[in-house]
Amino acid sequence: NSQLGISTSFLDSCPNTTVEMLSCGLPVLTTSASGSSELVNNFEDFIVREDFDLDYLQLQTSNKIPNIKLIDWKNKAINIIDNENYYKEITKNIFSENLDIKIIARKYIQFINEISS
């Protein structure tokens, strides 16, 4: 049984894996440079603030990949695991209030109605 999901990608604007983990009630630790930070409702306990610029990156060259704040990732992960029940409850609320398919469908319908008027 998993206690924590980790989304390290900083190039994905809306990772489906993050939505899937949240839908299962799994807290997701992510970077501020990812769309996942919005999916976790910008909840600071789930976000590691990275300071690298998202300009052109030579990702094919390993020493050009930005360094991450590994200690921050570790500390936040330990905090989430140590307080598992608290963070699972927050995760359920984030999902049910923002990402449930019924809510998303209503938002699409509202948007379509607004631009059709």
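Here the structure is shown first, and the text comes after it.
The following paragraphs examine the structure supplied in this document. As a convention, each chain's residues are numbered from 1 in the sequence order in which they are written. For a predicted model such as this one, the threshold for reporting local features is a pLDDT of at least 70, and the threshold for listing and counting side-chain atom pairs is 80 or more; totals across whole chains, interfaces and linings nevertheless cover every residue. Where side-chain values are given, they derive from all heavy atoms of the structure, hydrogens and water being excluded.

1. Some words on the side chain of Ser 7
Working definition: helices are DSSP H or I runs of at least four residues, strands are E runs of at least two. Numbering for both runs from the N terminus. Structurally, Ser 7 can be placed in strand E1 (residues 5-7). A polar contact is formed between the side chain of Ser 7 and the side chain of Thr 18, at a distance of 3.4 Å. Every residue pair with non-hydrogen atoms within 4.5 Å of one another is taken to be in contact. Sequence-distant contacts of Ser 7, that is, excluding residues within four places in its chain, are made with Pro 15, Thr 18, Val 28, Leu 29, Thr 30, Thr 31, Ser 36 and Trp 73. Two N or O atoms count as a polar contact when they lie within 3.5 Å, although within protein this holds only if one can serve as hydrogen donor and the other as acceptor, and sequence-adjacent residues are included solely when both atoms are side-chain atoms.

2. Observations concerning the side chain of Thr 31
With respect to the helices and strands, Thr 31 occurs in strand E2 (residues 28-31). Not counting chain neighbours up to four residues away, the residues in contact with Thr 31 comprise Ser 7, Thr 8, Ser 9, Phe 10, Ser 37, Ile 47, Val 48, Glu 50 and Trp 73.

3. Considerations on a nonpolar patch on the surface
Patch building starts from residues that exceed 30% relative accessible area and form no salt bridge, then joins like charges within 9 Å and nonpolar side chains (Val, Leu, Ile, Met, Phe, Trp, Tyr) within 5 Å. Computed by Shrake-Rupley with a 1.4 Å probe, the accessible areas treat only the displayed protein chains as cover when residues are assessed. Between Lys or Arg on one side and Asp or Glu on the other, a salt bridge is scored when a side-chain nitrogen of the former is within 4 Å of a carboxyl oxygen of the latter. There is a patch of nonpolar side chains on the surface, built from Tyr 108, Phe 111, Ile 112 and Ile 115 and spanning about 460 Å² of accessible area. Turning to its location among the elements, Ile 112 is positioned in helix H5 (residues 101-116). Classification of Ile 112 by relative accessible area gives partly exposed; the value is 45%. For the exposure calls, accessible area comes from a 1.4 Å probe over protein chains only, and a residue counts as buried if that area is under 20% of its type's maximum, exposed if over 50%, partly exposed in between.

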